[in-house]
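Observations on chain architecture
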Amino acid sequence: MIFMKERTLLKLYELMYRSRFMEETITRLWNDGHIYGEMHLGIGEEAIIAGVLSHLIPGDAIATDHRGTPPFVMRGVDLEALLLEILGHPKGLCLGMGGHMHLFSQELLLTSSGIVGSSGPSAVGFALAAKYRKTNNIAVAFFGEGSMNQGMLLESLNLAAAMSLPVLFVCKDNNWAITTQSSEVTGGVLLDRVRGFGIEAREIDGSDVTTVWQAVETAIPRMRKSTKSPYFIQANCTHNEGHFLGDPLLRFHRAPRKEFGAVTGPLMKSVLQYKGGRIDKRIRSVTKVLSLIAKSRMQLSDSKDPLLRFEKDNRDLEDQFTQIKSSIQSETNLLVERIMGIIQEEGVL
Amino acid sequence: MRTMEFAEAIESALKQAMSENPDIFLLGEDLHTLRVNLLAQFGKERVQSTPISESAFLGAGVSAAMAGLRPIVEIMLVDFIGVAADALLNHAAKVHAFSGGKWSVPLVVRASCGGGYGDGGQHEQSLWGWLAHIPGINVVVPSNPADAGNLLLSAIEADHPVIYLEHKLLADYWLDYMGTGGRENVTFDIPEAGAKGEVPNKWQPLPIGEAKILREGSDLTMISLGVSVHRCIEAAAILTNEDISTEIIDLRWVSPLDTSCIINSVSKTHRVIVVDEDYLRFGLSGEIAAIVAEEINSKFQFGRVCTDFTIPFNRNLEDNILPNVNRILDVARAFTYE
Ligand SMILES: Cc1ncc(C[n+]2csc(CCOP(=O)(O)OP(=O)(O)O)c2C)c(N)n1
Ligand SMILES: [Mg+2]
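Rules of the game
- Residues numbered from 1 in each chain as written.
- Chains lettered and ligands numbered in written order.
- Predicted model: local features only at pLDDT ≥ 70, side-chain atom pairs only at ≥ 80, totals over all residues.
- Heavy atoms only, no water.
- Helix = DSSP H or I, 4+ residues; strand = E, 2+ residues; numbered from the N terminus.
- Rg over C-alpha atoms; globule rule 2.2 N^0.38 Å.
- Buried < 20%, exposed > 50% of the residue type's maximum accessible area, 1.4 Å probe, protein only.
- Contact = heavy atoms within 4.5 Å.
- Areas by Shrake-Rupley, 256 points an atom, 1.4 Å probe, with all protein chains shown as cover.
- Lys, Arg positive; Asp, Glu negative; His and termini not counted.
- Charge placed at Lys NZ, Arg CZ, Asp CG, Glu CD.
- Domains from an automatic or database assignment.
- Buried area = accessible area lost by both parts, 1.4 Å probe.
- Salt bridge = Lys/Arg side-chain N within 4 Å of Asp/Glu carboxyl O.
- Polar contact = N/O pair within 3.5 Å; in protein donor to acceptor, adjacent residues only side chain to side chain.
- Nonpolar A, V, L, I, M, F, W, Y, C, P; charged D, E, K, R; others polar.
- Near = heavy atom within 4 Å.
- Donors = N, O, S within 2.8 Å, 3.2 Å for Na, K, Ca; no water.
- Tetrahedral: all angles 85-135°; square planar, octahedral: opposite > 155°, others 65-115°.
- 1 Å grid on protein atoms, 1.4 Å probe; cavity = no way out; pocket = protein on both sides within 12 Å on 5 of 7 lines; lining within 4 Å.
- Points joined across faces, edges and corners; volume = space filled by probe spheres on them.
- Arc of directions from axis to C-beta.

With that settled, the discussion passes to the overall build of chain B. A count of helical and extended segments in chain B gives 15 helices and 14 strands. Taking 2.2 N^0.38 as the reference for a compact globule, 338 residues should give roughly 20 Å; the C-alpha atoms of chain B span a radius of gyration of 20 Å, in line with that estimate. Taking all 338 residues of chain B together, 63% fall into the buried category. The long-range share in chain B, meaning contacts at least 24 apart out of those at least 6 apart in sequence, stands at 77%. Accessible area for chain B stands at about 12,200 Å²; split by element, carbon and sulfur atoms hold 53% of it. Positive and negative charge centroids in chain B, built from 25 and 44 side chains respectively, lie 2 Å apart.

Here is the structure:
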């Protein structure tokens, strides 16, 4: 156990809560129809992101996946520009071109991508540039456990190991990839896989920010030294909005009557078609899908919520937490008011 | 005749094909949910969910087809084919030629495509021109439910690789997942005739590479496919009021391209606009210009309405980058008519 100063704890809480409140705000804007398309949140991942980012120094690069908002918030991107971007506004961070899945900040060396696994090669390249320039900077790749089956990410692990590059690979493991339980489509054990490349790897509880902070605290100094090497962290987490807002499996739990009505008709008709597979196989398939829907409910639980966990573990800081929360809330609410004012004035986005 | 939605038609045609041929099976991510009705009817050997390993399972689809099966490999969004391009480019497309025509690859790749719902430039591309560029692969893009079912059978029955692209503005479940997320307060410009329509009682494969003339006309030929076909229909109706008579060709197939249909029409109208949601440069529109230039000796006027930039997330910018009725009208009106 490494001692953590109160200041560090409060800083971690502030990072996590700023991101959380921003994404709760985004949820509201999305629900109100101000944001088009998909919306993947990092709610539930805040401890992992905060625990890693609080160790980064200027010049370190971060490659994120489709859940880029928390790292962008926590790395200090201008929040007005960020929110405008997520709304698709021409004055946004990327002039409305990117949206939440394609956020970029050249200044802060932050990238994101909607292509699963692509943060691997991206981080390797930034690490290569850092080593080439003989700086002590590192690069971080954030990705989900589902991405660990994507070729380019596995190739990146090998590349970073073979070329001794300072890449911190951070696997945010919620065991879900859209509607697939990753354990059902993954051979072997991820940590064994990574160690097979000669990379040091460990699994931690990603809902506990102090655990993440401490793990990275030990990993990073070695990565910054002249003998560069990659490091891998597998951190567990839960997304209580499922894959994205409006998650089709979670809808069954939230509006069961509507969903079951739409699905069961065609489903039963298919089971009872004259032509098709053997009846026992059909029934087994349907049972499996129904049990998957049942299992998806576990995502709704807040038992792994990193903020609740942190508040519970640090009851002595309750007053400070309340203060941090209320100042972030009023700052963010003012920001939203201003932005929605701009949007309303302009008539359209 | 019966009426069906676009995605329902695809599923219905798949049920027919899978009932008739036990060698047909599906391979792709999240198929246990995306294709749950097929899973319920045919069981998990025929509807197999994969890890997020496109290069491996598309490559495996190629050789499973070489082994005599009839795989339908699903790439969720055609944009993601980038990570698995080698399986198509250097394998699916090449085996028949390399083997001196002795070994074929009866593979279908099914993917969703297209934009107009605010998902950004990595999820809304068309890419059919890019794919059709490769000899040895056919690419088909249906624009309505009847074609969606019939053309799927054409793709399945072909003895060579066919990429079958379903537009997300037409397929309701894709739009529900990726566009609305179950909300009722966001709307999209969904062409009604493309999303729902009459379909045959029994699905019948259509000839590979056959375009369809949707509307006859004498002054101007619009050549298009997918959702853009419906933008052309709308534009043509407006042009009628301006005394411009428009012929519309729904190509259906990017490759093989129905060159004789194109040539016949343009020989008559001498004016052609290609409306193509795919990228402007080095693609379908340029190819059509080349064919017309090569084959037609008389003078003709040519214009194109395509996507000439990375598709923006901002909905207004997006709607202007993708082909739309106004852009089609601008090009049509700039032609000279005597
Ligand atoms: C190459 C590619 N294939 C498929 C997809 C569709 N897709 C988007 S997110 C996702 C699941 C990713 O799972 P994971 O890496 O565990 O991240 P999580 O969403 O659980 O955070 C998939 C399959 C994609 N975006 N890119
Ligand atoms: Mg996951």
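Let us now look at the overall build of chain A. Helices and strands together make up the secondary structure of chain A, namely 13 helices and 8 strands. The globule rule puts the C-alpha radius of gyration for 349 residues at 20 Å, and the 21 Å found for chain A is close to it. By its C-alpha atoms, chain A is 70 × 55 × 45 Å across when sized along the principal axes. Counting every position in chain A, which comprises 349 residues, the buried fraction comes to 57%. Put simply, 74% of the contacts in chain A that link residues at least 6 apart link residues at least 24 apart. For chain A, the accessible surface area stands at approximately 14,900 Å², while carbon and sulfur atoms represent 55% of it. Positive and negative charge centroids in chain A, built from 39 and 39 side chains respectively, lie 8 Å apart.

Attention shifts here to the domain arrangement of chain A. Residues and elements named next belong to chain A. Looking at the assigned domains, one finds that chain A contains domain 1 (6-238 + 301-346) and domain 2 (248-299). The straight-line distance from the C-alpha centre of domain 1 to that of domain 2 is 34 Å. Taken together, the contacts link 6 residues of domain 1 with 8 residues of domain 2. Across the domain 1 to domain 2 interface the summed buried area is about 700 Å²; carbon plus sulfur atoms make up 56%. It is W176, T179 and Q181 in domain 1 that bury the most area against domain 2; as a group they hold 62% of the surface buried on that side. For the pair domain 1 and domain 2, the interface holds 1 salt bridge. Here E184 makes a salt bridge to K288, at a shortest N to O gap of 3.0 Å. Here domain 1 is connected to domain 2 by 4 residue pairs in polar contact (both at pLDDT 80 or more). Along the lines of polarity and charge, the residues of the side of domain 1 that touches domain 2 split into 1 nonpolar, 4 polar and 1 charged.

Turning next to the domain arrangement of chain B. All names here are of chain B. Taken domain by domain, chain B holds domain 1 (2-199) and domain 2 (212-333). Using C-alpha coordinates to define each centre, domain 1 is positioned 25 Å away from domain 2. Each partner contributes to the roughly 2,300 Å² buried at the junction of domain 1 and domain 2, and carbon and sulfur atoms together form 56% of this total. At the junction of domain 1 with domain 2, the criterion picks out 2 salt bridges. D147 is the partner of R252 in a salt bridge, and the nearest nitrogen-oxygen pair spans 3.2 Å. Where domain 1 packs against domain 2, one counts 21 residue pairs in polar contact (both at pLDDT 80 or more). Within the residue set of the side of domain 1 that touches domain 2, elements represented by two or more residues are α7 (128-132), β6 (138-140), α8 (145-157), β7 (162-167) and α10 (192-195). Here the element with the most residues in the side of domain 1 that touches domain 2 is α7; it accounts for 4 residues.

Right, let's get into the site of ligand 1. As a matter of local geometry, ligand 1 sits amid 21 residues, with A:R67, A:G114, A:S147, A:W176 and B:E54 nearest to it. Per-site note: the chains with residues close to ligand 1 are chains A and B. Between ligand 1 and A:S147, the relevant distance is 2.6 Å, taken from an oxygen atom to a side-chain nitrogen or oxygen of the residue. In this structure, an oxygen atom belonging to ligand 1 sits 3.4 Å away from a side-chain N or O atom of A:H243.

Below, the discussion takes up the coordination of the magnesium ion (ligand 2). All names here are of chain A. Donor atoms from the polypeptide that bind the magnesium ion (ligand 2) are E145 (OE), E145 (OE), N174 (OD1) and W176 (O), placed at 2.1 to 2.6 Å. Classification of the site at the magnesium ion (ligand 2) as irregular follows from its 6 donor atoms and the range of 52 to 171° in their angles at the metal. Donor residues binding the magnesium ion (ligand 2) come from one chain and are separated in sequence as E-x28-N-x1-W. Taking the relative accessible area as the measure of exposure, N174 reaches 13% and is therefore buried.

Let us look at empty space enclosed by the protein. This structure, assessed with the given rule, holds 6 cavities of 30 Å³ or more. Quantified by volume, the largest cavity comes out at close to 600 Å³. Taken together, 48 residues line the largest cavity, and the ones lying closest to its centre are A:H66, A:V116, A:I178, A:H243 and B:I52. Looking at the lining of the largest cavity, the elements that each hand over two or more residues are β5 (176-177) of chain A together with α2 (31-34), β4 (70-77) and α9 (172-180) of chain B. Here the lining of the largest cavity takes 3 residues from α9(B), the largest share from any one element.

A complete count under the given rule lists 35 salt bridges over all chains for this structure. Ionic contacts of the salt-bridge type, sharing partners, join the residues A:D205, A:D208, A:K304, A:R309 and A:D313 into one network.

With 52 residues of chain B at the contact, the number on the chain A side is 58 residues. Each partner contributes to the roughly 4,000 Å² buried at the junction of chain B and chain A, and carbon and sulfur atoms together form 57% of this total. Of all residues in chain B, B:I52, B:R183 and B:F313 give up the largest surface area on contact with chain A, accounting jointly for 17% of the area buried on that side. Where chain B meets chain A, there are 2 salt bridges. Where A:K281 meets B:E45, a salt bridge forms, and the shortest distance between an N and an O atom there is 3.6 Å. Remark: the boundary between chain B and chain A carries 27 residue pairs in polar contact (both at pLDDT 80 or more).

Let us now look at helix α12 (residues 306-313) of chain A. One full turn of an α-helix is made of 3.6 residues, so residues set three or four places apart face in the same direction. Residue and element names in this part refer to chain A. Listed in full, the buried residues belonging to α12 are P306, L307, F310 and E311. Projected down its long axis, α12 shows its buried positions confined to an angular sector of 135°, all on one face. Looking at the buried positions of α12, the neighbouring elements they touch are α1 (6-31), α2 (46-53), α8 (209-224) and α13 (318-346). Structurally, the start of α12 carries an N-cap: the backbone nitrogen of L307 is 2.8 Å from a side-chain oxygen of D305.

Within the sequence span of helix α5 (residues 85-92) of chain B, burial applies to B:A87, B:L88 and B:A92. Looking down the long axis of α5(B), one finds its buried residues gathered within 95° of arc, a one-sided arrangement.

This part covers unusual backbone geometry. For the bond from B:S255 to B:P256, the omega torsion is -5°, close enough to zero to count as cis. Positionally, B:P256 belongs in the loop between β12 (253-255) and α12 (259-269). For A:S164, which is not glycine, the phi torsion reads 50° and is therefore positive. Secondary-structure assignment places A:S164 in the loop between α6 (151-162) and β4 (167-173). Residue classification places A:S164 among the partly exposed residues on the basis of a relative accessible area of 27%.

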